[in-house]
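# Survey of secondary and tertiary structure
Each chain is listed here by its residues.
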Amino acid sequence: MNMRCVGVLLSHMTGFAAINSWGSVQQTSWFRQTPAHSLAVLPMALAVNVALQRLTDTFRSRLTEGDGIEDELEKMWDEEVEEAE
């Protein structure tokens, strides 16, 4: 099976799940009070998603550089994951 295909499929599933989860947050009682409260979810979502991307990037870097050598397969893996993020 083509791993790039699986990666794209899983990244889309994750993206749609994130949209759904932040939409659910937006529908809670506090955020439903006013349009301004509803829009407050956007910077929160951006901050959390960027933080998660940085965290996973750091984890991947430490994992691939653990042996001191980043081989071609590890480099390709990192590139594909960054593209999916």
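This text goes with the structure placed above it.
Numbers given for residues are sequential positions, taken from 1 along each chain in its written order. Local features are withheld for residues below a pLDDT of 70 in this predicted model, meaning they are given only at 70 or higher, and side-chain atom pairs are given and counted only at 80 or more; totals for whole chains, interfaces and linings count all residues. Side-chain measures here rest on the full set of heavy atoms in the structure, leaving out hydrogens and waters.

### Observations concerning the overall build of the protein chain
Note on conventions: DSSP H or I runs of at least 4 residues are helices, E runs of at least 2 residues are strands, and numbering of each starts at the N terminus. Of regular secondary structure, the protein chain possesses 4 helices and 0 strands. Counted from the first residue to the last, the protein chain has its helices and strands arranged as α-α-α-α. Reported as C-alpha extents along the three principal axes, the dimensions of the protein chain are approximately 55 × 30 × 15 Å. Summary of the burial criterion: residues with accessible area below 20% of their type's maximum are buried, those above 50% are exposed, and those between are partly exposed, where the area comes from a 1.4 Å probe applied to protein chains only. Burial analysis of the protein chain (85 residues in total) assigns 12% to the buried set.

### Some thoughts on the packing of aromatic side chains
Any Phe, Tyr or Trp ring, taking Trp's six-membered ring, that has another such ring centre within 6.5 Å forms a pair; planes under 30 degrees apart are called stacked, those over 60 apart edge-to-face, and the others tilted. Inspection of the entire model under this criterion finds 1 aromatic pair. With a centroid separation of 5.0 Å and an interplanar angle of 90°, the aromatic rings of Trp30 and Phe31 are classed as edge-to-face.

### A look at a negative patch on the surface
Patch rule: a residue counts if its relative accessible area is over 30% and it has no salt bridge; like charges are joined within 9 Å, and nonpolar side chains (Val, Leu, Ile, Met, Phe, Trp, Tyr) within 5 Å. All accessible-area figures derive from a Shrake-Rupley calculation using a 1.4 Å probe, and residue coverage is judged against the displayed protein chains alone. The rule for a salt bridge is simple: a side-chain nitrogen of Lys or Arg has to be within 4 Å of a carboxyl oxygen of Asp or Glu. In this charge count, Lys and Arg are treated as positive and Asp and Glu as negative; neither His nor the chain ends contribute. For the purpose of locating charges, the reference atoms are NZ of Lys, CZ of Arg, CG of Asp and CD of Glu. Taken together, the side chains of Glu65, Asp67, Glu70, Asp71, Glu72 and Glu79 present a region of like negative charge at the surface. Turning to its location among the elements, Asp71 is positioned in the loop between helix 3 (41–64) and helix 4 (72–84).

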